[in-house]
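Remarks on the overall topology
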Amino acid sequence: MEQHQAVSGRCLCGKVTLKAEQADLHVGACHCGMCRKWGGGPYLAVEAGDQVSIDGEAFVSRYSSSEWAERAFCSACGTHLFYRLKDNNQYIVSAGLLDQQDKLVMNHQIFIDKKPDYYAFSNLTENMTEAEVFAKFAP
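Residues numbered from 1 in each chain as written. Predicted model: local features only at pLDDT ≥ 70, side-chain atom pairs only at ≥ 80, totals over all residues. Heavy atoms only, no water.

1. Here we look at the overall build of the protein chain
In terms of regular secondary structure, the protein chain is built from two helices and eleven strands. Sequence-ordered secondary structure for the protein chain, helices as α and strands as β, is β-β-β-α-β-β-β-β-β-β-β-β-α. By the compact-globule yardstick of 14 Å for 139 residues, the protein chain fits well, its C-alpha radius of gyration being 14 Å. Structurally, the protein chain occupies a C-alpha span of about 35 × 30 × 30 Å along its principal axes. A buried classification covers 42% of the 139 residues belonging to the protein chain. A sequence separation of at least 24 residues applies to 49% of the contacts in the protein chain between residues at least 6 apart. (Helix = DSSP H or I, 4+ residues; strand = E, 2+ residues; numbered from the N terminus. Rg over C-alpha atoms; globule rule 2.2 N^0.38 Å. Buried < 20%, exposed > 50% of the residue type's maximum accessible area, 1.4 Å probe, protein only. Contact = heavy atoms within 4.5 Å.)

2. Comments concerning the pattern of salt bridges
For the structure shown, the criterion picks out four salt bridges. A salt bridge links Arg62 to Glu57; the shortest N-O distance between them is 2.9 Å. Looking at Arg62, the relative accessible area reads 36%, which means it is partly exposed. The residue Glu70 makes a salt bridge to Arg62 at a minimum N-O spacing of 2.6 Å. For Glu70, a relative accessible area of 9% corresponds to the buried category. (Salt bridge = Lys/Arg side-chain N within 4 Å of Asp/Glu carboxyl O.)

3. Quick look at the sheet that holds strand β1 (residues 4-10)
The strand order across the open sheet formed by three strands is β1-β2-β5, and the pairing between neighbours is antiparallel. With partners counted over all chains shown, the strands left at the sheet margins are β1 and β5 (52-55), one partner each. Neighbour-to-neighbour, the strand axes of this sheet turn through a mean angle of 15°, independent of strand direction. Examined bridge by bridge, strand β2 (residues 17-24) and β5 share four bridges and lie antiparallel to one another. Each bridged residue has a counterpart across the sheet, and for Ala20 the counterpart in β5 is Val52. (Pairing = 2+ DSSP bridges. Axes fitted to C-alpha atoms, helices over the stretch in contact; angles between N-to-C directions.)

This is the structure we're talking about:
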């Protein structure tokens, strides 16, 4: 079941706020090495589409982490804001930012074969390996 709705959120200090008109309310966990290095653990996020508005852009620091994607954080408080695919402007927004916490449901994990042994989620999810992710999403 697809669940899409408008969502809003803000960073820890409130200097950056964002809104997305058609976000997927399903949370995914990414266990790739870059996401774990970036945040100290898996990246928990929702797909927010390409219609994302950002207030406080002056405080958004962007890092081009690969040829195809960038990661952004608030330069004032350090909150992780989003991962964005450059080619199609697809935003994957940190789940913890969102005001709609009670509507989110975790249902998938990617790069499951890269997950270290020291943590595990107890809920049942769809799991994809690195090879499966690239086979499904690579151009």
